[in-house]
Amino acid sequence: MRRRIRTYATAATIVAAATAGLGLPASAAVSAGTAGDFNGDGYADLAVGVPDGAVGGVAKAGYVNLVWGGPKGIGAYGSMRVSQATPEVPGTPEKGDRFGASVALVDTSGDGRAELLVGAPGEDVTGRGTDAGSVTAVGGAAKGTGPGSVVLNGPSVSAAFGLAVTSADLTGDGRKDIVIGGKDTVVLRTANGTYSGVVTAPMGDRAPVLATGDFTGDGTADLAVGYWSTTPFTQSHVRIWSWDATDQALANTWNTDNAGVSALAAGDFDGDGHDDLALGECREIADENIDDPCGPEESAKGGGIHVHYGGAASGGFGFRQQTLNQDTAGVVGVAETGDRFGAALAVADVDDDGRDDLIAGAPGEAIGTRAGAGAATVLFGGPAGLLDAEGEGHSVGLQQNTPCVPGVAETDDAFGAAVATGDYDHDGRADLAVGSPGENTGSGGVWLLPRSSACYSSAFTPAELGLPSPAGALAYGRYLSGR
C-alpha cells in the first residue's frame, strides 16, 4: 500500500501547522503512531471547536474541547478545554475571536503526540487590525498542554485567517506545509517559513473549501480548493494546485468551473492506488447552463456528490466521473430539496477491504415530519468506485432513529453537519464521529459510531462533559477535527 498523504475538509473544519510554527527541528518527521493522539496514550482523541463559547464571561471568545479516546472510544473518558486563557496558549480571550472555528489534531513533530491546531478568524492582531485572524498550534502532552505558538497571523483588517486550513507536504521536501484560508484568499506557508498567495478571488464571505491528495500521481500532495461567489459577478470553481519546483510555487494544474461545493474529500474509492476527489453538495453556480460541472442536473436535487477519478487507466485525473444523490439506486434515502446531502464529507476504509469509503453528512435531511433532523450515509468504495459498473451504490444510512443509535430525531438537530473519522478505541478499524449542533435546542452533541456502524454507538453533550452552559447556543459538534 502506498503512503496516504491526503486529507479532507469541509469549510472551516480542518487545520494544520508546520513544524517551524512550533519551534521544532526542521528535520522532524511525521510519526507513524496513532493519528490524532494528543496525550500520547495510544488512542486517537477528538477535537471539537466551540467558537461561539464564552471564556471567562467573554462572549464568542471561543475554545476547543479535547475529548479523550480509550477502549470504549470517545466520550467515556472526559475531556479538556483549551482556549486563549490556557497558560501555554498565546493571546487573550476577546469578544468575537471565535477561537476554534477550525480545528485538527496532527502530529507535526513526529514525537507520537498530535498537536492541536486552531483557527481564530476573529482575532484582532496588533499592527494589522480587527479580525485579521490567526492560526495557533498547541503541543500535545500527557497531562495538560505543551507549549503553544502562533503559526500565522492575518496581514490586515478583516483578513480572517483561520476560516479554513489544511496541511500536507506540498513541496516534496518531507516536511508539512500549511495552507490557510481567509476572506477571499488562500495562502501557502511552507515548512521553511516562507509564504505566498495561492488564489485571491471573491468567495462570498465564505470559507474556502480545502483538501489535499496526490491527484497528479507523482508522490507529492496537491491542493484542491473550492470557492464561489455571486458578486461582483457569478463565478464558482474547484481547482487543483501542484508544486512547481522551478518556480518554487504552487501552480494551477486542473480546473472545473461553475461548480459550487460545500465539502471536498480525497480518497482512493476504486482501490487503483490513485487518489480521487469527491465534491460534496455539488451544484452548478453560473450565469447560464454551461457544462454540467456536477454531472446530470437532476442528480443535484437534495445535494449531489460528484467524483473525479485519478490514474492513467481512468484517462488521467478528472476524466472518469461519477455522480450520485439519494435518488441513485443503492443509496439510502430519497432526494428532497434542502437535504444538503454531501454538505460534510469524511474518508476512511470502513469495511477494511483496501478501498476508501466516503461518509456524507446531510444535515438538512427530514426524518419523518421532522425537518432538518439530519442524517449521515456511508458510501462504500468498490472496483469501479462509489458506484458499480451498473451505476448503483452500496450504502448504509445512519440517523438518530436508526436502531441502536441513541437519541430521537428532532426538528433542526442537524445530525451530520460535521463528520470525522479516527481509531478512537485503537482496534485497528475506523470509527465515525458525527456532529449534531442543533441537538438540545442548539446546545449540540456528538455521536460515536464504532467501526462506522450503529452497533454499540453512543453520544455525548456539553452538559455530560461538564462544559459551561451559556445563555446562547453552543452549537457543539459543528466543528470536528479530522484525521
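Above this text is the structure in question.
Please read all numbers here as calculations on a predicted model, not as lab measurements.

What counts, and at which threshold
Residues numbered from 1 in each chain as written. Predicted model: local features only at pLDDT ≥ 70, side-chain atom pairs only at ≥ 80, totals over all residues. Heavy atoms only, no water. Disulfide = S-S within 2.5 Å. Helix = DSSP H or I, 4+ residues; strand = E, 2+ residues; numbered from the N terminus. Buried < 20%, exposed > 50% of the residue type's maximum accessible area, 1.4 Å probe, protein only. Patch = residues over 30% accessible without salt bridge, like charges linked within 9 Å, V, L, I, M, F, W, Y side chains within 5 Å. Areas by Shrake-Rupley, 256 points an atom, 1.4 Å probe, with all protein chains shown as cover. Salt bridge = Lys/Arg side-chain N within 4 Å of Asp/Glu carboxyl O. Lys, Arg positive; Asp, Glu negative; His and termini not counted. Charge placed at Lys NZ, Arg CZ, Asp CG, Glu CD. Phe/Tyr/Trp six-rings, centres within 6.5 Å; stacked < 30°, edge-to-face > 60°.

Q: I'd like a description of the state of the cysteines, backed by residues and values.
A: Across all of its chains, the model carries one disulfide by this definition. One disulfide bridge connects C282 with C294, the sulfur atoms lying 1.9 Å from each other. Handedness of the C282-C294 disulfide follows from its S-S torsion of about -65°: it is left-handed. Taken together, the residues span a long stretch of sequence, with C282 in strand β19 (residues 276-284) and C294 in the loop between β19 and β20 (304-308) at a distance of twelve residues. Both residues of the pair, C282 and C294, count as buried. For C404, which is in no disulfide, the shortest distance to another cysteine sulfur is to C455 and amounts to 5.1 Å. Here C455 falls in the partly exposed class, since its relative accessible area comes to 41%.

Q: Any chance you could break down a negative patch on the surface for me, citing the residues and the numbers?
A: There is a patch of like negative charges on the surface, built from D291, D292, E297 and E298. Relative to the helices and strands, E297 is located in the loop between β19 and β20.

Q: Which residues make up the packing of aromatic side chains, and what values go with them?
A: Going through the model one piece at a time under the given rule, you end up with five aromatic pairs. With centroids separated by 5.1 Å and ring planes inclined at 75°, the aromatic side chains of W254 and F317 adopt a geometry described as edge-to-face. Separated by 63 residues along the polypeptide, W254 in strand β16 (residues 249-257) and F317 in the loop between β20 and β21 (321-324) bring together distant segments of the chain. A relative accessible area of 16% means that W254 is categorised as buried. Here F317 falls in the buried class, since its relative accessible area comes to 16%. Counting every residue linked through ring pairs, the aromatic cluster contains F215, W254 and F317.

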